[in-house]
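One letter stands for each residue in the lines below.
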Amino acid sequence: MSLATTLTTLQSDPRVTGHRLLGEHKAALDLANGRTIFVYHIGDEKVLAGTIRTIVNDDPRPDFILYDRFELVGDGALIQAHKMDARLVTTRRFLELLSELVAAPPASHDAASVN
């Protein structure tokens, strides 16, 4: 699933009130609770530690880094994401987390704290 496909899926989702494409792989999502989060969708490429560093250090920092195929995520990438406190989750898991993100008040919620 690409970022464009994910955004198309979210167009009819009441938890997301809008989105802005910030690049080929990055988007801002406006949630129903008034909060805006940033997501980065990794394509069908091998994900290494350097990939995570580059993504996290690019402004605006993504709240979630999404991937579709676990076999493309290297152990180093998982370790680097943990070190940098980056949420690296499958697109499917992210779609499940949306309910928790919307339920949390926007002023006091930190996307990184959602399990």
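In this report, we go over the structure that sits alongside the text. Residues take numbers from 1 onward in each chain, read along the sequence in its written order. Per-residue local features of the predicted model are confined to residues with pLDDT of at least 70, and side-chain atom pairs are confined, for both listing and counting, to 80 or more; whole-chain, interface and lining totals are unaffected and use all residues. Excluding hydrogens and water, the side-chain values take into account all heavy atoms of the structure.

It is worth spelling out the pattern of salt bridges at this point. Here a salt bridge means any side-chain nitrogen of Lys or Arg lying within 4 Å of a carboxyl oxygen belonging to Asp or Glu. In the structure shown here, the tally under the stated rule is six salt bridges. Salt-bridge contacts for R93 lead to E96; the nearest nitrogen and oxygen are separated by 3.4 Å. Of the two residues, R93 and E96 are both situated in helix 4 (residues 91–103); the distance of three residues between them amounts to about one turn of the helix. Given a relative accessible area of 29%, R93 falls into the partly exposed group. One connected set of salt bridges, linked through shared partners, spans R92, R93 and E96. In this text, helices come from DSSP runs of H or I with a minimum length of four residues, and strands from runs of E with a minimum of two, each type numbered from the N-terminal end. Burial classification: accessible surface area is computed with a 1.4 Å probe over protein chains only, and a residue below 20% of its type maximum counts as buried, one above 50% as exposed, and the rest as partly exposed.

All right, on to the packing of helix 2 (residues 49–57) against helix 3 (residues 75–83) then. An axis is simply a line fitted to the C-alpha atoms; with a helix, the fit covers only the stretch in contact. Between two such axes, the angle follows the N-to-C directions and lies from 0 to 180 degrees. Closest axis-to-axis distance for the helix 2/helix 3 pair is 7 Å, and the angle between their directions is 35 degrees. For the pair formed by helix 2 and helix 3, the contact residues are A49, I52 and R53 on the first element and G76, A77, Q80 and A81 on the second. Amino acids are sorted into nonpolar (Ala, Val, Leu, Ile, Met, Phe, Trp, Tyr, Cys and Pro), charged (Asp, Glu, Lys and Arg) and polar (every other residue, Gly among them). Class assignment of the residues belonging to the contact of helix 2 with helix 3 gives a composition of four nonpolar, two polar and one charged. Whether two residues touch is decided by their heavy atoms; if any such pair falls within 4.5 Å, the residues are in contact.

Nonpolar cores were defined as sets of buried Ala, Val, Leu, Ile, Met, Phe, Trp, Tyr and Cys residues, with membership established by side-chain atoms within 4.5 Å. In terms of nonpolar packing, the biggest core is built from 17 residues, with L29, L31, I37, V39, F64 and F94 touching the most fellow members. Taken together, the elements giving at least two residues each to this core come down to helix 1 (3–10), strand 2 (26–31), strand 3 (36–41), strand 4 (64–67) and helix 4. The greatest single-element share of this core, amounting to five residues, is contributed by helix 4. Excluding residues that lie within four positions of it along the chain, V39 makes contacts with L3, H25, K26, A27, L29, P62, F64, L66 and F94. In terms of nonpolar packing, the next biggest core, distinct from the first, is built from 14 residues, I42, I52, Y67 and L88 among them.

We now examine helix 3. Those residues of helix 3 not exposed but buried are A77, Q80 and A81. Projected onto a plane normal to the axis of helix 3, the buried residues spread over an arc of 100 degrees and lie on a single side. What points out from helix 3, more than 90 degrees from its buried face, is the exposed set D75, H82 and K83. Against the buried residues of helix 3 lie helix 2 and strand 5 (87–90). Two residues or fewer past helix 3, D85 is found with a positive phi of approximately 55 degrees. Within this analysis, the arc is defined by the directions that extend from the helix axis to the C-beta atoms.

Using a grid of 1 Å spacing that covers the protein atoms alone, one calls a set of points a cavity when a 1.4 Å probe fits there but cannot get out, and a pocket when the set is open and has protein on both sides within 12 Å along at least five of seven lines; lining residues are those with an atom within 4 Å of a point. Grid points are joined across faces, edges and corners, and a volume is the space filled by probe spheres set on the points. In total, this model carries one cavity of 30 Å³ or more according to the counting rule given. Of the pockets and cavities examined, the largest cavity occupies roughly 50 Å³. If you go around the largest cavity, the residues you meet are I42, G43, D44, E45, V47, Y67, D68, R69, L72 and V73. Classifying every residue of the lining of the largest cavity by side-chain character gives five nonpolar, one polar and four charged.

Taken together, the buried positions of helix 2 are occupied by A49, I52, I55 and V56. The arc enclosing the buried residues of helix 2, seen along the axis, measures out at 130 degrees, which places them on a common side. The exposed residues of helix 2 that point more than 90 degrees off its buried face are T54 and N57. In the core, the buried residues of helix 2 are packed alongside strand 3, strand 4, helix 3 and strand 5.

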